[in-house]
Amino acid sequence: MISKFQESKFYQTINSIVTNRVLRQGLPMLILVVGGSFAFTIVQKIKFDHKRNQQQVEHLRLSGLEKRMKPVSLEEEYEKLQKVDTTYQNVRGPRPYEDNTEWEAQKELQEKRFQEKLEQMNKSR
């Protein structure tokens, strides 16, 4: 005997979904393959990051640098950057069909500064 519920449209829809072979077997397989791909990517990334960090720590330990490394503060690095000569001008390199006087002037200025720094270094020795 068939009840009213079994004759209803809702029951027939649910029954067709449950008995559908693609949804019953194919959908879980698709979820497993796609989800497994994402999970495998995450696991491999963690594995390689850990291995890389271990190698760096081992390299530092073997070279003895781990003991010599001191903590660096942001203020110290800022003071070092303040001492650096920052008289830099960004000049685009000339095209073959353009006038390159600005490029040549910048090149000469850079060479002059380099020679001055070499002379200062030689005097300090």
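Residues numbered from 1 in each chain as written. Predicted model: local features only at pLDDT ≥ 70, side-chain atom pairs only at ≥ 80, totals over all residues. Heavy atoms only, no water.

**Concerning the overall build of the protein chain**
Regarding its fold elements, the protein chain presents six helices and zero strands. Tracing the protein chain from N to C terminus, the helices and strands come up as α-α-α-α-α-α. The C-alpha radius of gyration computed for the protein chain amounts to 35 Å, which surpasses the reference 14 Å derived for 125 residues by more than 25%, pointing to a less compact arrangement than a globule. Residue burial in the protein chain is summarised as follows: out of 125 residues, 2% are buried. Summed over its atoms, the accessible surface of the protein chain is roughly 12,400 Å², and 60% of this surface lies on carbon and sulfur atoms. The positive charge centre, built from 22 side chains, and the negative charge centre, built from 17, are 14 Å apart in the protein chain. (Helix = DSSP H or I, 4+ residues; strand = E, 2+ residues; numbered from the N terminus. Rg over C-alpha atoms; globule rule 2.2 N^0.38 Å. Buried < 20%, exposed > 50% of the residue type's maximum accessible area, 1.4 Å probe, protein only. Areas by Shrake-Rupley, 256 points an atom, 1.4 Å probe, with all protein chains shown as cover. Lys, Arg positive; Asp, Glu negative; His and termini not counted. Charge placed at Lys NZ, Arg CZ, Asp CG, Glu CD.)

**Digging into the pattern of salt bridges**
If charged atoms from side chains of opposite charge come close, those side chains can pair. Summed over all chains, the structure comprises three salt bridges. Across the pair lysine 45 and aspartate 49 runs a salt bridge whose closest N-O atoms are separated by 3.1 Å. In this pair, lysine 45 and aspartate 49 both sit in helix α3 (residues 21–63), four residues apart, roughly one turn of the helix. Owing to a relative accessible area of 27%, aspartate 49 belongs among the partly exposed residues under this scheme. Here aspartate 49 ties to arginine 52 by a salt bridge, and the two come within 3.3 Å at their closest N and O atoms. In this pair, aspartate 49 and arginine 52 are both assigned in helix α3, three residues apart and thus about one turn of the helix distant. (Salt bridge = Lys/Arg side-chain N within 4 Å of Asp/Glu carboxyl O.)

**Regarding the environment of glutamine 56**
Inspection of the secondary structure puts glutamine 56 in helix α3. Distance in space between the C-alpha atoms of glutamine 56 and glycine 26 is 45 Å, their sequence separation being 30 residues.

**Focus on α3**
Under the 1.5 Å per step criterion, the end-to-end length of α3 is 62 Å for 43 residues, consistent within 8% with the ideal 63 Å. The backbone nitrogen of valine 22 has a side-chain oxygen 3.1 Å away, supplied by the residue at the start of α3, namely asparagine 20. (Expected span 1.5 Å × (residues − 1). Polar contact = N/O pair within 3.5 Å; in protein donor to acceptor, adjacent residues only side chain to side chain.)

**Focus on the layout of surface pockets**
Its volume calculated, the largest pocket comes out at about 330 Å³. Tallied by class, the residues present in the lining of the largest pocket amount to five nonpolar, six polar and four charged. (1 Å grid on protein atoms, 1.4 Å probe; cavity = no way out; pocket = protein on both sides within 12 Å on 5 of 7 lines; lining within 4 Å. Points joined across faces, edges and corners; volume = space filled by probe spheres on them. Nonpolar A, V, L, I, M, F, W, Y, C, P; charged D, E, K, R; others polar.)

**Some remarks on the side chain of glutamine 106**
Relative to the elements of secondary structure, glutamine 106 occurs in helix α6 (residues 101–124). For glutamine 106, a relative accessible area of 16% corresponds to the buried category. Those residues in contact with glutamine 106 that lie beyond four places of it in its chain are Gln89 and Val91. (Contact = heavy atoms within 4.5 Å.)

**Let's talk about the environment of serine 37**
Here serine 37 lies in helix α3. Through-space distance from the C-alpha of serine 37 to that of valine 57 is 30 Å; in sequence the pair is 20 residues apart.

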